[in-house]
Amino acid sequence: MRRRGPACSGRRASWRLRWCAARLCPARRDNALAFWPLYPTFLRALFTRAFTKGIRDPLHGRVRESEWRAAMVSLRDSIVYCHACAAESFYDADAMRATGHGPTCWSCGVEVQLPARIRVGRSVVMLNHDGALYPHHLDDARRYDFSRVAATVTRHPAQPHVWGLKNLSDEKWVVVGTGTITEVPPGRSVALAMGTRIHFGRVEGEIRV
Ligand SMILES: [Zn+2]
């Protein structure tokens with residue numbers, strides 16, 4: 001006969017967590033199921049692999065630490081805010097390609113209006129009102145370096161509906177727009193316009209709106 005365990009209160013007691021993990025207590029299982037559809041396709045695929053092939057064939061299927069690390073940074077870069085209620089959701093490129101729609105807000109149910117985004121190096125970063133780029137994004141030799149802000153989303157001082165990306169790095173950017181090439185020195189900004197390409201020095205980014 002299986003021994004009955006204590007009721008799970010959700011408190012962070014290590015022995016309770018171990019018991020819950022082993023016995024799949026309803027409270028934690030329901031929590032995981034409720035959150036599951038909120039996450040982007042790439043992360044759900046990684047979890048699925050980890051707990052299917054990764055368990056059956058650890059040698060070939062296990063998700064490596066470096067993959068988890070890269071996925072967590074991508075998840076961070078995917079955060080968007082609902083324009084109606086400000087709740088956080090995640091941009092899902094795979095779902096966008098399949099449906100043509102952005103995420104549905106888990107809190108108020110509207111389709112989230114996506115902010116501009118930038119594909120830079122191996123990352124796609126959502127340029128929210130408080131968005132920023134770090135050395136991690138702008139230099140492949142400095143992966144996972146979030147020690148300083150290299151660029152921040154900013155609002156035009158005279159035209160509040162115009163958003164830009166401000167150069168907070170020590171290097172000059174070269175911006176290629178529609179038939180124009182301009183330089184953006186440290187402290188200056190470039191407008192977030194569709195198709196604008198920014199040479200950051202070691203990588204290039206392209207704005208999508
Ligand atoms: Zn909402």
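The structure this text deals with has already been given above.
Keep in mind that what you see is a predicted model, and the values were worked out from it rather than measured.

## Looking at the environment of Val174
- With respect to the element layout, Val174 can be found in strand β8 (residues 173-176).
- The exposure class of Val174 is partly exposed, given the 15 C-beta atoms found within 10 Å.
- Along the sequence, Val174 and Val190 sit 16 residues apart, while their C-alpha atoms lie 9.9 Å from each other.

## Re the sheet that holds strand β12 (residues 204-208)
- With antiparallel pairing, six strands are arranged side by side in an open sheet as β4-β3-β12-β11-β8-β9. Each having just a single partner strand, β4 (123-126) and β9 (181-184) make up the two edges of the open sheet. Taking the axes of each pair of neighbouring strands and ignoring which way they run, one obtains an average angle of 25° across the sheet.
- With three bridges connecting them, strand β11 (residues 197-199) and β12 associate as antiparallel partners.

## Quick notes on the packing of helix α3 (residues 41-50) against helix α6 (residues 65-77)
- Orientation of α3 relative to α6, taken along the N-to-C sense of each, is 155°, at an axis distance of 10 Å. Considering the angle they form, α3 stands roughly antiparallel to α6. Along this stretch, α3 crosses α6, giving a crossing that reads as left-handed. Contact residues: α3 offers Phe42, Leu43 and Leu46, while α6 offers Glu67, Ala71, Ser74 and Leu75.
- Of the residues contributing to the contact of α3 with α6, the split by class is five nonpolar, one polar and one charged.

Analysis parameters
Residues numbered from 1 in each chain as written. Predicted model: local features only at pLDDT ≥ 70, side-chain atom pairs only at ≥ 80, totals over all residues. Helix = DSSP H or I, 4+ residues; strand = E, 2+ residues; numbered from the N terminus. Buried ≥ 20, exposed ≤ 12 C-beta atoms within 10 Å, placed from the backbone. Pairing = 2+ DSSP bridges. Axes fitted to C-alpha atoms, helices over the stretch in contact; angles between N-to-C directions. Parallel < 35°, antiparallel > 145°, perpendicular 65-115°, else oblique. Left-handed = near helix turned anticlockwise from the far one by under 90°. Contact = placed C-beta atoms within 7 Å. Nonpolar A, V, L, I, M, F, W, Y, C, P; charged D, E, K, R; others polar.

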